[in-house]
Amino acid sequence: MPSRKFAEGEVVRGRWPGSSLYYEVEILSHDSKSQLYTVKYKDGTELELKESDVKPLKSFKQRKSGSTSSSPSRRRGSRSRSRSRSPGRAPKGSRRSASASHQADIKEKEARREILQVKLTPLVLKPFGNSINVYNGEPEHMERNDISHKTKQERIILSPEGSYTATQYSLRPRREEVKVKEVESKEQKLVPRGPAPLETFQVTTPQRKDLEFGGVPGAFLIMLGLPATLFLLLLQCRQKDPSLLTFPPPLPALDQLWETRVCGIYLLWFFVQALFYLLPIGKVVEGTPLVDGRRLKYRLNGFYAFVLTSAAVGASLFWGMELHYVYTHFLQFALAAVLFSVLLSVYLYAHSLKAPRDELSPASSGNAVYDFFIGRELNPRIGAFDLKYFCELRPGLIGWVVVNLVMLLAEMKVQERDVPSLAMVLVNSFQLLYVVDALWNEEALLTTMDIVHDGFGFMLAFGDLVWVPFTYSLQAFYLVSHPHDLSWPFASFIIALKLCGYVIFRCANSQKNAFRKNPSDPKLAHLKTIHTSTGKSLLVSGWWGFVRHPNYLGDLIMALAWSLPCGFNHVLPYFYVIYFTMLLVHREARDEHQCKRKYGLAWEKYCQRVPYRIFPYVY
Ligand SMILES: NC(=O)C1=CN([C@@H]2O[C@H](COP(=O)(O)OP(=O)(O)OC[C@H]3O[C@@H](n4cnc5c(N)ncnc54)[C@H](OP(=O)(O)O)[C@@H]3O)[C@@H](O)[C@H]2O)C=CC1
Ligand SMILES: CC(C)CCC[C@@H](C)[C@H]1CC=C2C3=C(CC[C@@]21C)[C@@]1(C)CC[C@H](O)C(C)(C)[C@@H]1CC3
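Residues numbered from 1 in each chain as written. Chains lettered and ligands numbered in written order. Predicted model: local features only at pLDDT ≥ 70, side-chain atom pairs only at ≥ 80, totals over all residues. Heavy atoms only, no water.

- Going by what an unreviewed UniProt entry lists, the chain is known as Delta(14)-sterol reductase LBR and is assigned to Peromyscus maniculatus bairdii.
- Within the UniProt record for the chain, the comment given under Subunit (unreviewed entry) is "Interacts with CBX5. Interacts with DNA. Interaction with DNA is sequence independent with higher affinity for supercoiled and relaxed circular DNA than linear DNA. Interacts with lamin B. Interacts with CLNK. Interacts with TMEM147; promoting LBR localization to the nucleus inner membrane." (UniProt positions renumbered as here; feature names shortened; annotations may be inferred.)

What follows is the structure in structure tokens.
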């Protein structure tokens, strides 16, 4: 059995994670298996440390100056907003002896070069009646988001003793060491700094046991059901009578569905989009903090990719390329996309097997089937190429616009029209606005559940690459063979509905994003907030005081406006509204669950203040 250096009860110095600073700690116990010491700092914080991070007291020279606290928490009051995760970092301007300050500076530099990577996992915390109550609890007051309050909030963010010391962490060394790379100074200015150092100490979520989507059987059935539903919808949409009550036509034989040329075009599309993604244009920003405090960098050039794609499609139309081929081979394209997404999911799962544990998605479970579905790895990357981020916005979303254009041209050809129908124009412009909006506000994607919580597996690979371009374009596909004449008054009503939905969707998303980026934004000063002990606050007035998910409400209103131009003869063009309502109701429940866990009592208070989830006075 390996020997241990320190005995229980011994008073030594323990390194504070992420820093090169040592504090007086008492050895509580030693785990011979993991070779970790459980130590207690003077402020009561208990951590597990590697032996190399524990030093005997005598190896430290006693400082003459009494200015350095021996408690990590006492010095956490630092007002520094720097990225250093050292809680013991002295505040700017604090008086230290010259030698101590010099020594600390050297150590600080060392720490910046090579940060001790740690994983913080909360030790078991009981739901109520102990520290979690304090941790997730919430200061009693709710305030206007004004400046006096800001000072208070700042203090809470920057000096989170109450919440922090109440939480216990266990530290394990990470497999990899992360080198702190300097962001190019130009980019640095553009990178929004997360306000809460606490976030960098965010705890890692253990693999889930309470599985979503009906657990393993649910995930399995969804994986089988999605491609089946897709082909059913596409086949039915081409029928003269697309009623859901009529029996769908049989699926063409595989040799008719498989077309090598189509697969080639699909791959070309995907890799051209990947090339656009790699172009060094557009600013680079950082995502939300990961469990180890790192922030990944993302280049925002989705809008440029869209402009380049539009130019390429425009040029190929000008030179006589037949986009009609996509319409006549739509099923074949759908099959190519399905196969590609399945292969990508297999690759992603295999890739995740090499990933360190703390790079796995908090939604993953340890079950192979479920993890294949939900995605095992949170941010799979090939070098700097982020696969999930790329797929979420580029090939599928821009592809959806191209498919809509294909359908508009097909309508003119099939119905021998000189100009597209009003219904088709509305569907195309509404959905174009939605996609352009997403690409223009690309940065907002970084805080969505898909990027922050869900892994990249079959669900998102299929969703992004197949579901979005082939089912979200169903209204346009439907209109090609089922013309619908729209009256101008009804068209005006639909346009008003779309604009109403868009204003709610955009304003709600922008309000939250602006608040998360800078809670002190003077433009938001009139809003009321609830503090939470994580350091973040929740908006309780404005859009987020209307219902708990105003952005979902706006999105659903827009969805209805996309279907109405198809008339009321069949349910099929309303598939998107029905599916989307189910998706967002389920998504709201998932988000609610996560927020309850994150914010505890503060979230419950928010729910009391804002009782409706999506639809005011209904749900
Ligand atoms: N077209 C489509 O197919 C789909 C579109 N969408 C759209 O994507 C967008 C993003 O949706 P989604 O990722 O689900 O999540 P949201 O943008 O709704 O974000 C939810 C998060 O916002 C924060 N939050 C919640 N309430 C408040 C509050 N009162 N004050 C401040 N922050 C709050 C919480 O995170 P925290 O506190 O950690 O910041 C919460 O986890 C939506 O507009 C949705 O409609 C989504 C799915 C599919
Ligand atoms: C059918 C499956 C079970 C679920 C598939 C879901 C996916 C299709 C959606 C999950 C979240 C999405 C988002 C958008 C598109 C649909 C998917 C991928 C989004 C990119 C649409 C544009 C918005 O403005 C947005 C906010 C950027 C959306 C982000 C979430």
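## Concerning the overall build of the chain
Stage number 1. A count of helices and strands for the chain gives 23 helices and 16 strands.
Stage number 2. Residue burial in the chain is summarised as follows: out of 619 residues, 53% are buried.
Stage number 3. The contacts in the chain between residues at least 6 apart in sequence include a share of 76% that link residues at least 24 apart. (Helix = DSSP H or I, 4+ residues; strand = E, 2+ residues; numbered from the N terminus. Buried < 20%, exposed > 50% of the residue type's maximum accessible area, 1.4 Å probe, protein only. Contact = heavy atoms within 4.5 Å.)

## Side note on helix H9 (residues 260-278)
Stage number 1. Along its 19 residues, H9 runs 27 Å from first to last C-alpha, staying within 8% of the 27 Å computed at 1.5 Å per residue.
Stage number 2. Turning to H9, its buried residues number three or more, namely Val-262, Cys-263, Tyr-266, Phe-270, Gln-273, Ala-274, Phe-276 and Tyr-277. Each buried residue of H9 sits inside an arc of 165° when the element is viewed along its axis, so together they form one side. Set apart from the buried face of H9 by more than 90 degrees, the exposed residues are Thr-260, Arg-261, Leu-268, Phe-271, Leu-275 and Leu-278. (Expected span 1.5 Å × (residues − 1). Arc of directions from axis to C-beta.)

## Here's the deal with the pairing of strand E2 (residues 22-31)
Stage number 1. Pairing between strand E1 (residues 11-15) and E2: 5 bridges, direction antiparallel. Each bridged residue has a counterpart across the sheet, and for Arg-15 the counterpart in E2 is Tyr-22.
Stage number 2. In this antiparallel pair of consecutive strands, E2 and strand E3 (residues 36-41), the connection spans 4 residues, and Gln-35 shows a positive phi of 60°. (Pairing = 2+ DSSP bridges.)

## Notes on the UniProt feature "transmembrane region" (unreviewed entry) in the chain
Stage number 1. Look at the UniProt record and you will see "transmembrane region" (unreviewed entry) annotated at residues 216-236, 256-279, 300-321, 327-350, 452-470, 490-508, 529-547 and 567-586.
Stage number 2. Between the end C-alpha atoms of residues 300-321 there is a gap of 30 Å, over a span that is 77% helix and 0% strand.

## Notes on the site of ligand 2
Stage number 1. By nearness alone, 16 residues border ligand 2, and Glu-392, Ala-438, Asp-450, Asp-464 and Phe-505 come closest of all.
Stage number 2. For ligand 2, the protein covers 87% of the area, taking 640 Å² as the surface of the free molecule.
Stage number 3. Secondary structure elements with two or more residues in the shell around ligand 2: helix H14 (387-393), helix H16 (422-440), helix H18 (458-471) and helix H22 (575-599).
Stage number 4. Of the residues forming the shell around ligand 2, the biggest block, 4 residues, is contributed by H18.
Stage number 5. Residues of the shell around ligand 2, tallied by class, amount to 11 nonpolar, 1 polar and 4 charged. (Near = heavy atom within 4 Å. Areas by Shrake-Rupley, 256 points an atom, 1.4 Å probe, with all protein chains shown as cover. Nonpolar A, V, L, I, M, F, W, Y, C, P; charged D, E, K, R; others polar.)

## Quick word on the side chain of Asp-450
Stage number 1. Considering the arrangement of structural elements, one finds Asp-450 in helix H17 (residues 449-452).
Stage number 2. A polar contact of 2.4 Å, which involves the side chain of Asp-450, links it to the side chain of Arg-587.
Stage number 3. Apart from the residues lying within four places of it in its own chain, the contact partners of Asp-450 are Lys-388, Glu-392, Leu-460 and Arg-587. (Polar contact = N/O pair within 3.5 Å; in protein donor to acceptor, adjacent residues only side chain to side chain.)

## Some thoughts on the site of ligand 1
Stage number 1. The immediate surroundings of ligand 1 are formed by 26 residues, with Tyr-472, Tyr-552, Asp-555, Asp-591 and Tyr-599 found nearest.
Stage number 2. A distance of 2.9 Å is found between a nitrogen atom of ligand 1 and a backbone nitrogen or oxygen belonging to Leu-539.
Stage number 3. In this structure, His-549 approaches ligand 1 through a side-chain N or O atom, which is 3.2 Å from an oxygen atom.
Stage number 4. For the shell around ligand 1, the elements supplying multiple residues, two or more each, are helix H20 (488-517), strand E16 (537-539), helix H21 (550-563), H22 and helix H23 (601-609).
Stage number 5. Tallied by class, the residues present in the shell around ligand 1 amount to 15 nonpolar, 4 polar and 7 charged.

## Re helix H10 (residues 302-318)
Stage number 1. Taking 1.5 Å per residue as the helical rise, H10 with its 17 residues ought to reach 24 Å, and the 24 Å between its terminal C-alpha atoms agrees with that figure.
Stage number 2. Those residues of H10 that fall on the buried side of the exposure criterion are Gly-302, Ala-305, Phe-306, Thr-309, Val-313 and Ser-316. Buried residues in H10, looked at end-on, bunch into an arc of 100°, giving them a common side.
Stage number 3. Tucked inside the fold, the buried residues of H10 contact H9, helix H15 (395-414) and H16.

## Quick word on a nonpolar patch on the surface
Stage number 1. Taken together, the side chains of Phe-220, Leu-221, Leu-224 and Val-369 present a nonpolar region at the surface, about 380 Å² in accessible area.
Stage number 2. Top element by residues in the nonpolar patch is helix H7 (residues 215-238). It accounts for 3 residues.
Stage number 3. Checked against the element boundaries, Val-369 lands in helix H13 (residues 368-374). (Patch = residues over 30% accessible without salt bridge, like charges linked within 9 Å, V, L, I, M, F, W, Y side chains within 5 Å. Salt bridge = Lys/Arg side-chain N within 4 Å of Asp/Glu carboxyl O.)

## Things to note about the side chain of Ser-541
Stage number 1. Inspection of the secondary structure assignment puts Ser-541 in the loop between E16 and H21.
Stage number 2. The class for Ser-541 is buried, based on a relative accessible area of 17%.
Stage number 3. Of the polar contacts made by the side chain of Ser-541, one reaches the backbone nitrogen of Lys-528; its length is 2.7 Å.
Stage number 4. When sequence neighbours within four positions are dropped, the list of residues in contact with Ser-541 reads Gln-511, His-526, Leu-527 and Lys-528.

## Thoughts on the environment of Ser-421
Stage number 1. The residue Ser-421 is located in the loop between H15 and H16 in this model.
Stage number 2. Taking relative accessible area as the criterion, Ser-421 reaches 4% and is therefore assigned buried.
Stage number 3. Note: C-alpha distance between Ser-421 and Trp-269 (152 residues apart in sequence) is 28 Å.
Stage number 4. A polar contact is formed between the side chain of Ser-421 and the backbone nitrogen of Met-424, at a distance of 3.1 Å.

## A short note on the pairing of E1
Stage number 1. Among the 5 residues of E1, 4 are classified as buried, and the element is accordingly described as predominantly covered.
Stage number 2. In terms of strand pairing, E1 meets strand E5 (residues 54-56) through 3 bridges, oriented antiparallel. Residue Gly-14 lies in a different strand from E5, and its bridge partner there is Val-54.

## Focus on the packing of helix H12 (residues 330-352) against H18
Stage number 1. Remark: H12 packs on H18, axes separated minimally by 8 Å, with the N-to-C direction vectors making an angle of 165°. As summarised for this structure, H12 and H18 are arranged roughly antiparallel, according to the angle between their axes. Between H12 and H18 lies a crossing whose hand is right-handed. Contacts between H12 and H18 involve Phe-330, Phe-333, Ala-334, Ala-337, Val-338, Phe-340, Ser-341, Val-342, Leu-344 and Ser-345 on the former and, on the latter, Phe-458, Ala-461, Phe-462, Leu-465, Val-466 and Phe-470.
Stage number 2. The residue inventory of the contact of H12 with H18, partitioned by class, reads 14 nonpolar, 2 polar and no charged. (Axes fitted to C-alpha atoms, helices over the stretch in contact; angles between N-to-C directions. Parallel < 35°, antiparallel > 145°, perpendicular 65-115°, else oblique. Left-handed = near helix turned anticlockwise from the far one by under 90°.)

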